[in-house]
Amino acid sequence: MREYWTSLASVMGAVAFLQGVLHAVFPAELRAAVARLMGRVTRAFSPYCYFDVTETEGMSTNEIYDAVQLYLSSSAAPAAGARLSLSRPHNASSFTFGLAASDRVFDDFRGAAVTWEHVVAPRQSQGFSWRPLPEEKRRFTLRIRRGDRDKLLPAYLDHILAAAADIRRRSQDRLLYTNARGGAMDARGLPWDPVPFKHPSTFDTLAMDPDHKAAIMADLRDFADGSAFYERTGRAWKRGYLLYGPPGTGKSSMIAAMANYLGYDVYDLELTEVGSNAELRKLLMKTTSKSIIVIEDIDCSVDLTNRAASTLPAPKSRPNIDGSIDQDASAGAARSITLSGLLNFTDGLWSCCGSERIFVFTTNHIEKLDPALLRSGRMDMHIFMSYCSFPALKILLRNYLGLQDSDSDTSVAIMAGLESWIDAAQITPADVSEVLIKNRRNGSKEAMEGLLEVLKERAEKRRRESGPSAAGKEAGDNEEEEEEEEKRALESPKEGKEQGGMDGGKDGQDEETEAKKQL
Ligand SMILES: Nc1ncnc2c1ncn2[C@@H]1O[C@H](COP(=O)(O)OP(=O)(O)OP(=O)(O)O)[C@@H](O)[C@H]1O
Ligand SMILES: [Mg+2]
């Protein structure tokens, strides 16, 4: 054994000696030229071709290098033992992973396998430079089979750039924009005011029927991933959702959940602050893609019952600095937003500037909306946010009391009571949440008992009120709705309205999903 080690050491010594001689005899340039030649010969017979993406291009940074780094860190499979570096960009809410030196990752695109290697080499000393260059030269080398070249380039790089942009957007704080300045522009000429958007509502916390929720999430996902579909079918890449239902059933929470799910910015459009159709168009043009444009309480914002006529709800009289109201301005200034202006906003040619945008309208009174607004293609999906059902209640119990399905045997009787009373009580998720918040300090059993009492009271009250005099009233009428109606003091007539429902909206959606499947 000792002889083996002695001979190995002498071989290594000889190699080192020869290397020393080579280094001494041949200049560095010659050695590099020989290495380059060898590399070229090897590559000429290789079934692969290689592409280098260097970190810097001349003096400027290479955008593709950054994109590749971001993309590889999130989507490709690192080789066994690869080291990923961790970082969190300033102002970002999530971490990003980067590939360490000389590590390899594998990826595939359209059925072709690719390999990326991260190569880090020391930079040779340079002459004078205005800008200090990094001491190392970094690059990604892409290795693909020669036969896959046409299939992969440039489509694979486009895919990487788009994916990297998406990751970048998701890792930054998203924004909520409002147009609350009444058409005034900021210093940069933008009509929207942004604030960081940090709404905690997610589809996980949203209490609604799980199947219904899953259908909405699938629809959103199809939309966000549907670039090729929309291009192929010649449709503008946008989608409209109409959320309707009584107050406190989670319409605004649903919008926040949608934004959090897709990572989109939200534009909260206050229609009463918009003076004209032209202004509306300008606002639309200043929205970015990957955003949700929201008009809440659309029935209250403007009178959208007559497509042809100008709508004239009392314009908001803004107080002057001294507090007085400018009567001329409030009485005389006719507002000129029309239903057709709004339809153009969602459906016309202007709505297609930019892409990947979702329009969401909410209303408590779908029957007050003009059928033109409900037509499929404008509002593709009508989502009814209903009173709290038992499956929705279980989600609230889980969120507020930490109650799991498996825990339910501890309070089987109360759960059974809640299940039997919940529909009759017609209670909103907002009211259930309030009761649970109020009682949760006393423990989950007490909180559930408290809720059961409230449900019974409500159901009893409803039963008493729906005596013979109330017969014939629609099932959806209830105390809260009436209170809300009074509060909003709407004057628009009800005749001639078509009752839009989830089915109508869903049909449109089903057709599209079907079309997608066929394509
Ligand atoms: N479906 C729900 N799931 C979870 N929480 C809900 C739900 N509905 C309402 N809530 C709770 O009630 C509060 C009010 O709900 P939200 O503002 O979303 O109702 P809304 O339907 O938009 O009401 P409005 O018609 O008055 O605008 C929310 O902050 C949330 O805490
Ligand atoms: Mg709301």
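If you're wondering where the values come from, they're calculated on a predicted model, not measured in any experiment. (Residues numbered from 1 in each chain as written. Chains lettered and ligands numbered in written order. Predicted model: local features only at pLDDT ≥ 70, side-chain atom pairs only at ≥ 80, totals over all residues. Heavy atoms only, no water.)

J.: Which residues make up helix H6 (residues 210-224), and what are the values?
T.: Taking 1.5 Å per residue, 15 residues should reach 21 Å; H6 reaches 21 Å between its end C-alpha atoms and fits that length. All of the buried residues in H6 are His212, Lys213, Ile216, Asp219, Leu220, Phe223 and Ala224. What you see down the axis of H6 is that its buried residues fit within an arc of 135°, all on one side. (Helix = DSSP H or I, 4+ residues; strand = E, 2+ residues; numbered from the N terminus. Expected span 1.5 Å × (residues − 1). Buried < 20%, exposed > 50% of the residue type's maximum accessible area, 1.4 Å probe, protein only. Arc of directions from axis to C-beta.)

J.: A description of the packing of aromatic side chains should follow, citing residues and the corresponding values.
T.: The full count for this structure, using the stated rule, is 13 aromatic pairs. Consider the rings of tyrosine 65 and phenylalanine 140, whose centres lie 4.9 Å apart with planes at 35°: the pair is tilted. With tyrosine 65 in helix H3 (residues 63-75) and phenylalanine 140 in strand S9 (residues 136-145), this pair connects stretches of sequence that are 75 residues apart. Taking the relative accessible area as the measure of exposure, tyrosine 65 reaches 2% and is therefore buried. By the ring-pair criterion, three or more aromatic residues cluster together here, those being Tyr65, Tyr71, Phe109, Trp116, Phe140 and Tyr156. (Phe/Tyr/Trp six-rings, centres within 6.5 Å; stacked < 30°, edge-to-face > 60°.)

J.: Describe in detail the sheet that holds strand S12 (residues 238-244), supporting the description with residues and values.
T.: Taking strand neighbours across the sheet as the criterion, the seven strands line up as S11-S10-S13-S14-S15-S12-S16 in an open arrangement whose pairing is mixed. Of all strands in the sheet, those bounded by a partner on one side alone are strand S11 (193-196) and strand S16 (381-384). Going across the sheet, the axis of each strand differs from the next one's by a mean of 20°, ignoring polarity. By the bridge criterion, four bridges tie strand S10 (residues 175-178) to S11 in an arrangement that is antiparallel. Directly across from threonine 178, in S11, lies its bridge partner aspartate 193. Packed onto the sheet, helix H12 (residues 339-347) meets S12, strand S14 (291-295) and strand S15 (357-363) and runs at close to 140° relative to S15. (Pairing = 2+ DSSP bridges. Axes fitted to C-alpha atoms, helices over the stretch in contact; angles between N-to-C directions. Contact = heavy atoms within 4.5 Å.)

J.: For the site of ligand 1, give the residues involved together with the corresponding values.
T.: Taken together, 15 residues lie near ligand 1, and Ala207, Gly248, Lys251, Ser252 and Ser253 sit nearest. Within the backbone of threonine 249, an N or O atom sits 3.3 Å from an oxygen atom of ligand 1. At 2.7 Å, a side-chain N or O of lysine 251 approaches an oxygen atom of ligand 1. Contact with the protein chains removes 73% of the 620 Å² of surface that ligand 1 exposes when unbound. At the level of secondary structure, the elements contributing two or more residues to the shell around ligand 1 comprise helix H8 (251-262), helix H14 (390-401) and helix H16 (429-439). Here the shell around ligand 1 gets three residues from one element, more than from any other, and that element is H8. (Near = heavy atom within 4 Å. Polar contact = N/O pair within 3.5 Å; in protein donor to acceptor, adjacent residues only side chain to side chain. Areas by Shrake-Rupley, 256 points an atom, 1.4 Å probe, with all protein chains shown as cover.)

J.: So what about the pairing of S15? Which residues, and what values?
T.: Most of S15 sits inside the fold, with seven of its seven residues counted as buried. Residues Arg357, Phe359, Phe361 and Thr363 of S15 are buried on one face, and the alternating residues Ile358, Val360 and Thr362, pointing to the opposite face, are buried as well. In the sheet, S12 pairs with S15 via seven bridges, with the strands oriented parallel. Paired with leucine 243 across the two strands is threonine 362, which belongs to S15. Here S14 pairs with S15 via five bridges, running parallel. Each residue of the ladder has a partner; that of isoleucine 295, found in S15, is phenylalanine 361.

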